Amino acid sequence: MTTAQTPELDVQPTPLALLLLGREADPKSERGVECPGDLPSPSDPDLVERARAAKEKLGSKVFVLGHHYQRDEVIQFADVTGDSFKLARDAAARPEAEYIVFCGVHFMAESADILTSDDQKVVLPDLAAGCSMADMATAEQVAECWDVLTEAGIAEQVVPVSYMNSSADIKAFTGKHGGTICTSSNAKKALEWAFEQGEKVLFLPDQHLGRNTAVRDMGMTLEDCVLYNPHKPNGGLTAEQLRDAKMILWRGHCSVHGRFSLESVRDVRERIPGVNVLVHPECKHEVVAAADYVGSTEYIIKALEAAPAGSKWAIGTELNLVRRLANRFAPEGKEIVFLDKTVCFCSTMNRIDLPHLVWTLESLAEGNLVNRIEVDKETEAFAKLALERMLALP
């Protein structure tokens, strides 16, 4: 319904509605959505051909990375697809590419900039493509948390472990304080390494991955974990609670995976007898405990590749990927459904659409560098240190 169709209602789009549509910007919460030029209309029937022509003109100068959660219209132009860390490493392995166009979100582009050479330029088609989880831990908040741990007398015992889904600032903090980075695939190895270095772990910024890894994979109890809330004095914890804990979990979560519930699991089992429930470890602990299989996006893909024909699967991860997998394996007789009844895309990942990609590629083809993501040298040095510790894990 538009204002033109219902003038009698005098309906006007609110600032929030315009923000969600990508037509306005909130400088207090976003890096901005405006492009310094004309963004192609999403209804332009020539967008696919324009993207193809611009990419062809750039040739080997451009390398397009597509995260698994991207729209199909964007992923078709990716030279490689994968999760965030795999893509960043793929970029580093292509030193001849002058431009790395990262179809993902901001922290992923930062990681690519950290791992690629100074001669390579990382570009994010829409600077507003952020990550709500990564934004739940700022450098100031984490520094304050470290002060709280210091006052409690335990900072020297604590080793920070930060999930890949974190800003460059948080990765740098981790490197500076003797910690490491982890992915959803190697979180157990990272925690095992951390507990060899110290007695406690500060896990940033996803509480669910930290909790699930500690309890499900390492045999800890829920009582071994405490939740640090950066919006409360002292994180909402007493010094005694901090001293007793093994895992200090940051109060952060994924807005997509956090939506899946125990009721979702029960409902799909009732609707589809014999279904296999496969979820991402960013899901809540009770969801992970009720699932049949748990793993990263790469694990999910490989599990479905190996699944027998005729098997039934309910997947708890981002809808773009689930839908793509359902279409891919339908000819093999594999039934794949989304775990929740509610449609749930990653809203920030979906900011990268075909108009933004076309604008980016055409700008680069014309010699105009746009939307470059560049991490400052000091931050890069400490963040790379943390990433190198992860790469050295057995």
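What counts, and where the lines are drawn
- Residues numbered from 1 in each chain as written.
- Predicted model: local features only at pLDDT ≥ 70, side-chain atom pairs only at ≥ 80, totals over all residues.
- Heavy atoms only, no water.
- Pairing = 2+ DSSP bridges.
- Helix = DSSP H or I, 4+ residues; strand = E, 2+ residues; numbered from the N terminus.
- Salt bridge = Lys/Arg side-chain N within 4 Å of Asp/Glu carboxyl O.
- pLDDT = per-residue confidence, 0-100.
- Contact = heavy atoms within 4.5 Å.
- Right-handed = clockwise from strand over helix to strand, strands pointing away.
- Core = buried A, V, L, I, M, F, W, Y, C linked by side-chain atoms within 4.5 Å.
- Buried < 20%, exposed > 50% of the residue type's maximum accessible area, 1.4 Å probe, protein only.
- 1 Å grid on protein atoms, 1.4 Å probe; cavity = no way out; pocket = protein on both sides within 12 Å on 5 of 7 lines; lining within 4 Å.
- Points joined across faces, edges and corners; volume = space filled by probe spheres on them.
- Nonpolar A, V, L, I, M, F, W, Y, C, P; charged D, E, K, R; others polar.
- Axes fitted to C-alpha atoms, helices over the stretch in contact; angles between N-to-C directions.
- Left-handed = near helix turned anticlockwise from the far one by under 90°.

1. With respect to the sheet that holds strand β2 (residues 80-82)
Pairing between the strands of a sheet is mediated by backbone hydrogen bonds and can be parallel or antiparallel. Spatially, the five strands line up as an open sheet ordered β2-β1-β3-β4-β14, and their pairing is mixed. At either margin of the open sheet sits one strand with a lone partner, and together these are β2 and β14 (372-373). Relative to β14, strand β4 (residues 121-123) runs antiparallel, the two being bridged by two bridges. Pairing of V122 across the sheet is with I373, part of β14.

2. Overview of the pattern of salt bridges
Tallied over the full model, the rule gives 17 salt bridges. The shortest N-O distance in the salt bridge between D90 and K86 comes to 3.0 Å. Separated by four residues within a single helix, D90 and K86 lie in helix α4 (residues 84-92), roughly one turn from each other. Here R328 ties to E305 by a salt bridge, and the two come within 2.8 Å at their closest N and O atoms. Linking R328 in helix α14 (residues 319-329) with E305 in helix α13 (residues 297-306), this pair joins segments that are 23 residues apart in sequence. Overlapping salt bridges, with partners in common, bring together K61, E98 and K121 in one network.

3. Describing the confidence of the model for the protein
Averaged over the protein, the pLDDT score is 89; the fraction of residues at 70 or greater is 89%. This model gives residues 1-36 a pLDDT under 50, and the stretch forms 34 contacts once residues within four places in sequence are excluded.

4. Focus: the pairing of strand β8 (residues 225-228)
In the sheet, β8 pairs with strand β9 (residues 247-250) via four bridges, with the strands oriented parallel. Each residue of the ladder has a partner; that of V226, found in β9, is I248. Taken together, β8, helix α10 (residues 239-244) and β9 form a β-α-β motif whose crossover is right-handed.

5. Digging into the nonpolar core
One finds V101, F203, M247, V279, I336 and L361 to be the most contacted residues of the largest nonpolar core, which totals 104 residues. Among residues more than four places away in sequence, those in contact with I336 are L304, W313, I315, V322, L325, A326 and F329.

6. Comments concerning the layout of surface pockets
Left-over empty space is what a probe sized like a water molecule reveals as it rolls over the atoms. Quantified by volume, the second largest pocket comes out at close to 430 Å³. Lining the second largest pocket are 32 residues, with Y69, N165, C254, H257 and E282 sitting closest to its centre. Those elements that provide at least two residues to the lining of the second largest pocket are α4 and α5 (106-115). Of the residues in the lining of the second largest pocket, the class split is 15 nonpolar, 14 polar and three charged.

7. Side note on the packing of α4 against α5
Close contact between α4 and α5 brings their axes to 8 Å; oriented N to C, the two are set at 35 degrees. In the packing of α4 onto α5, the handedness of the crossing is right-handed. On α5, the residues touching S84, F85, A88, R89 and A92 of α4 are F107, M108, S111, A112 and L115. Residues that form the contact of α4 with α5 fall into these classes: seven nonpolar, two polar and one charged.

8. A look at the environment of L319
Mapped onto the elements of the fold, L319 is located in helix α14. On the accessibility criterion, L319 (12% relative accessible area) is buried. The spatial distance from the C-alpha of L319 to the C-alpha of D340 is 9.7 Å, given a sequence separation of 21 residues.

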